[in-house]
Amino acid sequence: MEQNYTLADLLNDESFLRWLEDKAPRRQSIKWNRWVARSPERRKLVARAQIVVSMPFKDWGSESDKQQQLERLMNVLNKTGNLKLIKTDDG
Amino acid sequence: MLVNVTKPREWDDTHDIDPDKLWSELQMGNKEAISKLFCLYYSNLYNYGYNIIPRRELVRDCIQELFLTLWNKREGINQPHSVKAYLISSFRRIILRKLKRYRNRKKRNQVYTENFFEEPFNVEELMVHFETERELKRKLKEALNSLSKRQKESIYLKFYQGLTTDEISHVMEVNKQSVYNHVSEAISNMQNYIQVNR
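Starting afresh in each chain, residues are numbered from 1 along the sequence in its written order. Labels are handed out in written order, letters beginning with A for the chains and numbers beginning with 1 for the ligands. Under the rules for a predicted model, residues below a pLDDT of 70 receive no local features and side-chain atom pairs below 80 are neither given nor counted, while totals for whole chains, interfaces and linings still include all residues. Heavy atoms throughout the structure, all of them, feed into the side-chain values; hydrogens and water do not.

(A) Looking closely at the overall build of chain A. We count a stretch as a helix when DSSP gives it H or I for four or more residues in a row; a strand needs E for two or more, and each element gets its number in order from the N terminus. Counting its secondary structure elements, chain A contains five helices and zero strands. Going from N to C terminus, chain A has its helices and strands arranged as α-α-α-α-α. Note on classification: 1.4 Å probe, protein chains only; a residue is buried when its accessible area is under 20% of the maximum for its type, exposed when over 50%, partly exposed between these limits. Of all 91 residues assigned to chain A, the portion counted as buried reaches 51%. Residue contacts are defined here by distance: any two heavy atoms, one from each residue, within 4.5 Å place the two residues in contact. Sequence-distant contacts, at least 24 apart, represent 46% of the contacts inside chain A between residues at least 6 apart. Of the roughly 5,200 Å² that chain A leaves accessible, carbon and sulfur atoms contribute 46%. Using a 1.4 Å probe, accessible areas were evaluated by the Shrake-Rupley method; residue-level cover was limited to the displayed protein chains.

(B) Region of interest: the pattern of salt bridges. Salt bridges are counted wherever a side-chain nitrogen of Lys or Arg sits within 4 Å of a carboxyl oxygen of Asp or Glu. A full pass over the atoms with the stated rule returns eleven salt bridges over all chains. Residue E65(B) is joined to K98(B) by a salt bridge in which the shortest nitrogen-to-oxygen separation is 3.0 Å. One end of the pair, E65(B), is in helix α3 (residues 56-72); the other, K98(B), is in helix α4 (residues 83-102), with 33 residues separating them in the sequence. Using a relative accessible area of 17% as the deciding quantity, one classes E65(B) as buried. Across the pair E153(B) and R92(B) runs a salt bridge, and its minimum N-O distance is 3.1 Å. Of this pair, E153(B) sits in helix α8 (residues 149-160) while R92(B) is found in helix α4, placing the two residues 61 residues apart along the sequence. Residue class for R92(B) comes out buried when judged on its relative accessible area of 4%. A single network of salt bridges, built from pairs that share partners, joins D65(A), E57(B) and R60(B).

(C) Structural context of the packing of helix α9 (residues 165-172) of chain B against helix α10 (residues 176-190) of chain B. Residues and elements named next belong to chain B. Angles shown run from 0 to 180 degrees and are taken between the N-to-C directions of axes, each axis being a line fitted to C-alpha atoms and, for helices, limited to the stretch in contact. Where α9 meets α10, the closest approach of the two axes is 8 Å, and the angle between their N-to-C directions is 105°. The orientation of α9 with respect to α10, classified from their angle, is roughly perpendicular. Where α9 approaches α10, its residues T165, D166, I168 and S169 are matched on the opposing element by K176, V179 and Y180. For the contact of α9 with α10, the residue count by class is three nonpolar, two polar and two charged. Reported orientations rely on four angle classes, namely roughly parallel under 35 degrees, roughly antiparallel over 145, roughly perpendicular from 65 to 115, and oblique for the rest. Put simply, Ala, Val, Leu, Ile, Met, Phe, Trp, Tyr, Cys and Pro go in the nonpolar bin, Asp, Glu, Lys and Arg in the charged bin, and everything else, Gly too, in the polar bin.

(D) Seen up close, helix α2 (residues 31-52) of chain B. The length a helix should cover is 1.5 Å for every residue beyond the first. Between its first and last C-alpha, α2(B) extends 29 Å over 22 residues, near the 32 Å set by a 1.5 Å rise per residue. Of all 22 residues making up α2(B), 18 are buried, and the element is well covered by its neighbours.

(E) A look at helix α4 (residues 40-53) of chain A. Residues and elements named next belong to chain A. Spanning 14 residues, α4 covers 20 Å between terminal C-alpha atoms, matching the ideal 20 Å at 1.5 Å per step. For α4, the buried fraction is high: ten of the 14 residues fall into the buried class. Considered for burial, the residues of α4 that qualify are R42, L45, V46, A47, R48, A49, Q50, I51, V52 and V53.

In C-alpha cells, the structure reads:
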C-alpha cells in the first residue's frame, strides 16, 4: 500500500472513502486499519479527511413536500392518456 | 468521527431497497416502483437542484419532469450502472435546459456555469445545521469560500451525494481527469484551513 498519501490522494481513493464510512469490505478495512495505525501523522491525515468528507452542505428541507410532490407525479401517471407536466404557478 | 453529519448517501443502503430491482420493475410498467424510486431520491435531487438554482418551484418541476420522462421512456432506457448517478445526471440536464429558457442572454452557457452554486452555496447558510466547534466552523467556512464553483460542485457530488469520480464525470460532462483535478485542487485549497491539533 502507498506509504505517502496526500490528503487529496486519500479523498480521491474510493476504497479509502468506503473505509472512512465504515462500509469497506473486511480485507480493505483491515488494510486501512493497519495503515492508519502506523503513525500519528496518518491519524491526523485521516482526521482531516473526515472533516472534508463531513463538509456541512445544508439540507434544504425537502422532506416536508416529498409526499405532496409524489402525489402530483402519481396523479399525472394515473391519467393514462396525456402524460404532461402540470405547471405550477411559479414554475 | 470528529464530526457527525447525516448525509443522504446513507439512504441508498438502508431500508433494504434495491434501486436496480426497482428499475427493472419500473421498466415493466410498475407504478409502485417509480413511486419508490421517487421517494428514495427526492431529497438528493431536491438538494442538488436547489444548490444549482434556489427556486423551489423550478426545482420541483424539474423533478416532476425527470420522473415523467423516465416513465414515458422506460422501455427504451437501459439499466444504468448506478440508478442514482443516472437520475442526478439527467436531472442536471433538465435544470440547465430550463435555465436556458429562463434567461435569454448572450453567452448563456457561460453565465449559467458561472452562476452555478454561487448564491445558494452561501457558506453561512451551509453551517446552520452543523454542530461543531466554533473554530472548526469558521475554518470550514473559509475553506469553502476559497473554492471555485466547479470545485464546490465536485466535492458536493463526491462527499455529499456520494458519487464516484466516474459518475461525477458523467454528471458534470467532463472527463475523469478533470473531476480528479477539481477534487484535488479543492482539497489542496482547503487543506491549509483544515489542520488537526492532536
